[in-house]
Amino acid sequence: MSALPRSSLVRGSAALNEGTILRGEKTFLKMPLATDYTEWSQLRAESRHFLKPWEPIWPRDDLTRMAFRRRIRRYHREIRSDEGYALFVFESEHGQLAGGLTLAHVKRGVTQSCSVGYWMGERFAGQGLMGDAVRRIVPFCFDVLGLNRIEAATLPHNERSMRLLRRVGFSEEGYARRFLCINGAWRDHVLFALCAGDQIGASQGGTEGGGA
């Protein structure tokens, strides 16, 4: 009998490529492409103050086309090597880019886990879109990638993000001091996790913060 309770079903570009579309009830998720630059940069620029409290300090050239190209190359390299899976989140009604979701720190062997993080453009917040996207990524993690555990971390005062995770089915597991450097300072985080076999929460609307 195998020592690993779950094993990878599909990895890398076989799991996520330019033709992959993950459809939820309110959103669809796709692999980021160079052609998304204009829409991405506009959404990030107009949401800068909304996102600033929840994210690391942006590099000075973050919104330039050259920096975006480097970002896309890194995303695609991580996908090919099964290290991470970045996706852009689009709202289904008009097909507009609404935010992003990343499965980072993919670990294999006896761990079979990843960390989920996300951000939402300000004008799309409060519509239940990110909750729908996170709910849609769960079967991708468990049934496609064969992972056993999805972890998430959020700032203690980001009540919207914590509500989102709980609605999807994540359980609070702990508190990590000085866990991540956010907006220029080391911040404590509340830790959540969802394991294969856990019950997934029903789809519903709700407000969402800028990121996890």
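To keep things clear, this report deals only with the structure shown in the data block. (Residues numbered from 1 in each chain as written. Predicted model: local features only at pLDDT ≥ 70, side-chain atom pairs only at ≥ 80, totals over all residues. Heavy atoms only, no water.)

A few points about the layout of surface pockets
In this structure, the largest pocket occupies an estimated 1,300 Å³ of space. Pro56, Thr102, Ala104, Gly117 and Tyr118 are the residues nearest the centre of the largest pocket, which is lined by 48 residues in total. Residue assignment for the lining of the largest pocket shows that the elements contributing at least two residues are α1 (37-46), α3 (65-80), β3 (85-91), β4 (97-107), β5 (113-120), β6 (149-154), β7 (171-182) and β8 (185-195). It is α3 that contributes the most residues to the lining of the largest pocket, seven residues altogether. Here the residues of the lining of the largest pocket sort into 29 nonpolar, seven polar and twelve charged. Volume-wise, the second largest pocket comes out at about 200 Å³. Taken together, 14 residues line the second largest pocket, and the ones lying closest to its centre are Arg48, Lys52, Pro56, Ile57 and Trp58. When its residues are assigned to classes, the lining of the second largest pocket shows five nonpolar, three polar and six charged. (1 Å grid on protein atoms, 1.4 Å probe; cavity = no way out; pocket = protein on both sides within 12 Å on 5 of 7 lines; lining within 4 Å. Points joined across faces, edges and corners; volume = space filled by probe spheres on them. Helix = DSSP H or I, 4+ residues; strand = E, 2+ residues; numbered from the N terminus. Nonpolar A, V, L, I, M, F, W, Y, C, P; charged D, E, K, R; others polar.)

Some words on helix α4 (residues 129-144)
For α4, spanning 16 residues, the distance from its first C-alpha to its last is 22 Å, which sits close to the expected 22 Å at 1.5 Å a residue. Burial runs high along α4: twelve of the 16 residues are buried. Leu129, Met130, Gly131, Asp132, Ala133, Val134, Arg135, Ile137, Val138, Phe140, Cys141 and Phe142 are the residues of α4 that are buried. The first or second residue beyond α4 is Gly146, which carries a positive phi of 75°. (Expected span 1.5 Å × (residues − 1). Buried < 20%, exposed > 50% of the residue type's maximum accessible area, 1.4 Å probe, protein only.)

Notes on the sheet that holds β4
Judged by pairing direction, the sheet is mixed, and its eight strands sit side by side in the order β1-β2-β3-β4-β5-β6-β8-β7 without closing on themselves. Only two strands of the sheet have a single neighbouring strand rather than two, namely β1 (21-23) and β7. The mean inter-strand angle of the sheet, taken between neighbouring strand axes irrespective of direction, is 30°. In this sheet, β8 lies alongside β6 in antiparallel orientation, the contact comprising six bridges. Paired with Ala153 across the strands is Leu191, a residue of β8. Set on the sheet, α1 makes contact with β3, β4 and β5; between it and β4 the angle comes to about 95°. Across the face of the sheet, α4 comes into contact with β1, β2 (27-30), β3, β4, β5, β6 and β8 while running at roughly 35° to β4. (Pairing = 2+ DSSP bridges. Axes fitted to C-alpha atoms, helices over the stretch in contact; angles between N-to-C directions. Contact = heavy atoms within 4.5 Å.)

With respect to a positive patch on the surface
On the surface, Arg65, Arg69, Arg73, Arg74, Arg77 and Arg80 cluster together into a patch of positive charge. Within the element layout of this structure, Arg73 appears in helix α3. (Patch = residues over 30% accessible without salt bridge, like charges linked within 9 Å, V, L, I, M, F, W, Y side chains within 5 Å. Areas by Shrake-Rupley, 256 points an atom, 1.4 Å probe, with all protein chains shown as cover. Salt bridge = Lys/Arg side-chain N within 4 Å of Asp/Glu carboxyl O. Lys, Arg positive; Asp, Glu negative; His and termini not counted. Charge placed at Lys NZ, Arg CZ, Asp CG, Glu CD.)

Examining the pattern of salt bridges
Within the structure shown, the criterion is met by nine salt bridges. Arg166 is paired through a salt bridge with Glu172; the nearest N and O atoms lie 2.7 Å apart. Among the ionic contacts, a cluster of salt bridges with common partners joins Arg11, Asp82 and Arg108.

Without other data, these values stay purely geometric and don't point to any function.
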